[in-house]
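Architecture at a glance
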Amino acid sequence: MKTVLILCTGNSCRSQMAEALLRECGEGLFQVESAGCDPAGYVHPLAMEMMSEVGLDIAGWVSKSHEEFLDREIHTVVTVCGNAFGWELGAGSWELGAGSWELRIEN
């Protein structure tokens, strides 16, 4: 099964929400993970609240580092903030390139 990694800076809000939504929408089609280049160490309470409003529970989730995924085969990387798109990701089995999408979300 192909793996999608949603990447941001802290992995505390946008990437967690995107992971939950993509898991729900793509169930059985691909595996979805999220991570941050500089993990916050928590999932933001408002992210949990917003996901709860659409029937998705992320209350037990934790922020993760992109380093956890460097030795895994990642087929698509989706960044949800400009900081993550330009981050030095290090050597791994994947790198940002043609198979990656950058989503710009204006505040």
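Cut-off values and rules
Think of each chain on its own: its residues are numbered from 1, step by step along the sequence as written. Only residues with pLDDT of at least 70 are given local features in this predicted model, and only at 80 or more are side-chain atom pairs given and counted; all residues enter the totals for whole chains, interfaces and linings. The basis for the side-chain values is all heavy atoms of the structure; hydrogens and waters are excluded. For every residue, the predictor reports its confidence as pLDDT, a number between 0 and 100. Comment: elements are numbered from the N terminus, with helices defined as DSSP H or I runs of at least four residues and strands as E runs of at least two. For every residue, the accessible area obtained with a 1.4 Å probe (protein chains only) is divided by the maximum for its type, and the residue is called buried under 20%, exposed over 50%, and partly exposed between those limits. Pairs of N or O atoms are called polar contacts if they sit within 3.5 Å, as long as, within protein, a hydrogen donor faces a hydrogen acceptor (for residues adjacent in sequence, only side-chain-to-side-chain pairs). Residue contacts follow a heavy-atom distance rule, with two residues in contact if any of their heavy atoms lie within 4.5 Å. Count a disulfide wherever a pair of cysteine sulfur atoms falls within 2.5 Å. Multiplying one less than the number of residues by 1.5 Å gives the expected span of a helix. Throughout, an axis means a line fitted to C-alpha atoms (over the contacting stretch in the case of helices), and angles, computed between N-to-C directions, take values from 0 to 180 degrees. Note on angle classes: values under 35 degrees are labelled roughly parallel, values over 145 roughly antiparallel, values of 65 to 115 roughly perpendicular, and the remainder oblique. By convention the crossing between two helices is left-handed if the near helix lies anticlockwise of the far one by an angle smaller than a right angle, and right-handed if it lies clockwise. Asp, Glu, Lys and Arg are counted as charged, while Ala, Val, Leu, Ile, Met, Phe, Trp, Tyr, Cys and Pro are counted as nonpolar; the rest, among them Gly, fall into the polar class. At least two DSSP bridges between two strands are needed for those strands to be called paired. For a crossover, the right-handed case is the one in which the path from the first strand over the helix to the second runs clockwise, viewed with the strands pointing away from the viewer.

1. A few points about the confidence of the model for the protein chain
- Predicted confidence across the protein chain gives a mean pLDDT of 83, with 76% of residues reaching 70 or more.
- When the elements of the protein chain are averaged for pLDDT, strand 4 (residues 101-102) gives the smallest value, 54, and helix 2 (residues 45-53) the largest, 97.

2. Examining the environment of His66
- The residue His66 is located in the loop between helix 2 and strand 3 (76-79) in this model.
- As a C-alpha pair, His66 and Cys37 span 29 residues in sequence and 5.6 Å in three-dimensional space.

3. Here we look at the side chain of Glu33
- When you line up the elements, Glu33 lands in strand 2 (residues 31-36).
- Residue Glu33 is classed as buried on the basis of its relative accessible area of 11%.
- Within polar-contact distance, the side chain of Glu33 engages the side chain of Gln31 at 2.8 Å.
- With residues up to four places along the chain from it excluded, the contact list for Glu33 reads Thr3, Val4, Leu5, Ile6, Glu19, Arg23, Lys64, Phe69 and Arg72.

4. What to know about the state of the cysteines
- Per the counting criterion, the structure on display carries 0 disulfides.
- Cysteine Cys13 shares no disulfide, and the gap to the nearest cysteine sulfur, in Cys8, comes to 8.4 Å.
- Since its relative accessible area comes to 27%, Cys13 is described here as partly exposed.

5. Remarks on helix 1 (residues 14-25)
- For helix 1, with 12 residues, the first-to-last C-alpha span of 16 Å sits near the 16 Å given by 1.5 Å per residue.
- Residues of helix 1 that are buried: Ser15, Gln16, Met17, Glu19 and Ala20.
- In this structure, the buried residues of helix 1 make contact with strand 1 (3-8), strand 2 and helix 2.

6. Section: the side chain of Ser12
- With respect to the secondary-structure elements, Ser12 resides in the loop between strand 1 and helix 1.
- The buried category is assigned to Ser12, whose relative accessible area is 14%.

7. Description of the packing of helix 1 against helix 2
- Remark: helix 1 packs on helix 2, axes separated minimally by 9 Å, with the N-to-C direction vectors making an angle of 25°. Here helix 2 runs roughly parallel to helix 1, going by the angle between their axes. For the crossing formed where helix 1 meets helix 2, the hand is right-handed. On helix 2, the residues touching Met17, Ala20 and Leu21 of helix 1 are Ala47, Met50 and Met51.
- Partitioned by chemical class, the residues of the contact of helix 1 with helix 2 number 6 nonpolar, no polar and no charged.

8. Here we look at the pairing of strand 2
- Within strand 2, 5 of the 6 residues are buried, leaving the element largely enclosed by the surrounding structure.
- Direction of pairing for strand 1 relative to strand 2: parallel, over a ladder of 6 bridges. When the bridges of strand 2 are listed, Ile6 appears paired with Ser34.
- Crossover connection from strand 1 via helix 1 to parallel strand 2: handedness right-handed.

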